[in-house]
Amino acid sequence: MELRPLGRTGTAVSAYALGTMTFGAESDEAASHAMLDRYLDVGGNFVDTADVYTHGASERIIGNWLRKSGRRDEIVLATKARFAMGDGPNDAGLSRTHIQRACEASLERLGTDTIDLYQAHCWDPATPLEETLAAFDELVKAGKVRYVGISNFAGWQLQRAVLIARQSGLAPIVTLQPQYSLLAREIEWELVPLCLDEGIGMLPWSPLGGGWLTGKYDRDERPSGDTRLGEDPDRGVEAYDKRNTERTWAVVDAVEEIARVHGASMAQVALAWVTQRPGVTATILGTRTVEQLDDNMGAAELELDDAQVARLDEVSDPGLPAYPYGFIDDMSRARAELLGA
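(A) Molecular detail of the pairing of strand β5 (residues 76–81). With six of six residues buried, β5 lies mostly within the body of the structure. By the alternation rule, side chains of β5 split into V76, A78 and K80 and L77, T79 and A81, which are all buried. Between the parallel pair strand β4 (residues 46–48) and β5, the chain is carried across by helix α2 (residues 57–69), and the sense of this crossover is right-handed. Alignment of β5 against strand β6 (residues 115–120), held across four bridges, turns out to be parallel. The residue of β6 that forms the bridge with A78 is L117. In this view, the connection linking β5 to its parallel neighbour β6 by way of helix α3 (residues 96–110) has right-handed handedness.

(B) Expanded view of the side chain of T281. Residue placement: T281 occurs in the loop between α10 (266–275) and β10 (283–286). Sequence-distant contacts of T281, that is, excluding residues within four places in its chain, are made with R4, P5, L6, G7, V13, S14, A15, G201, M202 and L203.

(C) How the structure looks around the sheet that holds strand β9 (residues 201–202). Spatial ordering of the open sheet is given by β9-β8-β7-β6-β5-β4-β3-β10, a layout of eight strands whose pairing is parallel. With partners counted over all chains shown, the strands left at the sheet margins are β9 and β10, one partner each. On the sheet, helix α4 (residues 129–141) packs against β6, β7 (145–151) and β8 (173–177) and is oriented at approximately 155° with respect to β7.

(D) Summary view of the packing of α4 against helix α5 (residues 155–168). Packing of α4 against α5 brings their axes to within 10 Å, and their N-to-C directions diverge by 60°. Regarding the angle of α4 to α5, the classification is oblique. In this structure, α4 meets α5 at a crossing whose hand is right-handed. Seen from α4, the contacting residues are L129, E130 and L133; seen from α5, they are Q157, R160, A161, I164 and A165.

(E) The nonpolar core, seen in detail. Counting 96 residues, the largest nonpolar core has F46, Y118, L158, L304 and L312 as the members making the most contacts within it. Element by element, the count of residues in this core is highest for α10, at eight residues. Apart from residues no more than four positions distant in its own chain, L312 is found in contact with L182, R185, A254, V255, I258, V269, W273 and L304.

(F) Examining the environment of A259 more closely. You can see A259 is positioned in helix α9 (residues 246–262). On the basis of relative accessibility, which here comes to 4%, the residue A259 falls in the buried class. Separated by 166 residues in sequence, A259 and G93 have C-alpha atoms that sit 42 Å apart. Every residue in contact with A259, bar those within four places of it in the chain, is listed here: A264, S265, M266 and V269.

(G) Structural context of α2. The end-to-end C-alpha distance of α2 is 18 Å, a good match for the 18 Å that 13 residues give at a rise of 1.5 Å each. Within the sequence span of α2, burial applies to A57, S58, E59, I61, I62, G63, W65 and L66. Positioned one or two residues after α2, G70 has a phi angle of 70°, which is positive.

(H) A look at the pattern of salt bridges. With the rule as written, the count across this model stands at 21 salt bridges. Across the pair R72 and D116 runs a salt bridge, and its minimum N-O distance is 3.1 Å. Separated by 44 residues along the polypeptide, R72 in the loop between α2 and β5 and D116 in strand β6 bring together distant segments of the chain. The exposure class of R72 is buried, given its relative accessible area of 16%. Residue class for D116 comes out buried when judged on its relative accessible area of 7%. When salt bridges with common partners are traced through the structure, they connect R185, E188, R277 and D313 into a single cluster.

(I) The packing of aromatic side chains, seen in detail. Counting across every chain of the model gives eight aromatic pairs. On the basis of an interplanar angle of 80° and a centroid distance of 5.6 Å, the ring pair of Y118 and F136 is categorised as edge-to-face. Of the two residues, Y118 sits in strand β6 while F136 sits in helix α4, which places them 18 residues apart along the sequence. Clustering of aromatic rings is evident, with ring pairs tying together W123, F153 and W156.

(J) Structural view of the packing of helix α1 (residues 29–41) against α2. As a packed pair, α1 and α2 sit with axes 10 Å apart at the nearest point and diverge in direction by 60°. The angle between the axes of α1 and α2 places the two elements in the oblique class. Viewed along their axes, α1 and α2 form a crossing whose handedness is right-handed. Facing α1, whose interface residues are E29, S32, H33, L36, D37 and L40, α2 presents I61, I62, N64, W65 and K68. Split into classes, the residues belonging to the contact of α1 with α2 amount to five nonpolar, three polar and three charged.

(K) Seen up close, the side chain of R71. Summarising the element assignment, R71 is placed in the loop between α2 and β5. Judged by relative accessible area, which is 16%, R71 ranks as buried. Discounting chain neighbours no more than four positions away, the residues touching R71 are D37, L40, D41, W65 and L66.

About the criteria used
Residues numbered from 1 in each chain as written. Predicted model: local features only at pLDDT ≥ 70, side-chain atom pairs only at ≥ 80, totals over all residues. Heavy atoms only, no water. Buried < 20%, exposed > 50% of the residue type's maximum accessible area, 1.4 Å probe, protein only. Helix = DSSP H or I, 4+ residues; strand = E, 2+ residues; numbered from the N terminus. Right-handed = clockwise from strand over helix to strand, strands pointing away. Pairing = 2+ DSSP bridges. Contact = heavy atoms within 4.5 Å. Axes fitted to C-alpha atoms, helices over the stretch in contact; angles between N-to-C directions. Parallel < 35°, antiparallel > 145°, perpendicular 65-115°, else oblique. Left-handed = near helix turned anticlockwise from the far one by under 90°. Core = buried A, V, L, I, M, F, W, Y, C linked by side-chain atoms within 4.5 Å. Expected span 1.5 Å × (residues − 1). Salt bridge = Lys/Arg side-chain N within 4 Å of Asp/Glu carboxyl O. Phe/Tyr/Trp six-rings, centres within 6.5 Å; stacked < 30°, edge-to-face > 60°. Nonpolar A, V, L, I, M, F, W, Y, C, P; charged D, E, K, R; others polar.

Spelled out as structure tokens, the structure:
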């Protein structure tokens, strides 16, 4: 499998990461261990989890697998902290108190001495960024964390974090983990240019749009049965009523058309599109079974040509909000025309 640098670092990770949000929830321990084994056996080396996934069960399952398999040195291990792991006032957030406690708890559940990539799971308006970044830096200096990443930040929040870390001599932000798919391209307005400019590697989550891009849902029938939306049609940003739009179905139709050309699954086409985007380091796969993992990993062998990428770009284009993005885009084009660029 293709290897890529983890942001501006010398550490190499596979272009597809194994996400483990299903571990301990949709996938029991045996199924989770089987997926970890298969993922490494086919060349993957990047495993992503979070303390909040099944309230610590995902990390414990990974820790049990690490002890059983002895393959710790074969993987780059990432986890996250921010969301509530208890009922106390300091059991959530990005304060120094919570980060230190959360890191120690993750290390214990994972059964490892060091977390390769430790990520802030979401913006915390109650904690100064200076405190958060200093706490991460202390963990790096203590050898408990190797690199620091961010997830679910707005553009100005990420840029501010980058500058504070740089100006204060703290551990730099090396990755951003954002929602990114053919159905969710809004990060291209600010976050993608920022990551490209700063050399921050992107780790897209929900690259299949919560299953929408696999072809499993229908235009005229609300999902049911053993799928994420079947179990909860109102599930977050992936909710059926939110995404059941003409744009969504146009994208799904285009993905299906290109999949037929390649003799590939729709999931493989959608994953290949994300992974070929500028600035993407590793696309995070979220699977329940080894069979789903095998299908998703097939995307590593799929190369979309320029015409197919252009087709998917066009049909999935969310457009620019009139202000400021559309306004700036219009003015930039006018300036380029004036200069003959």
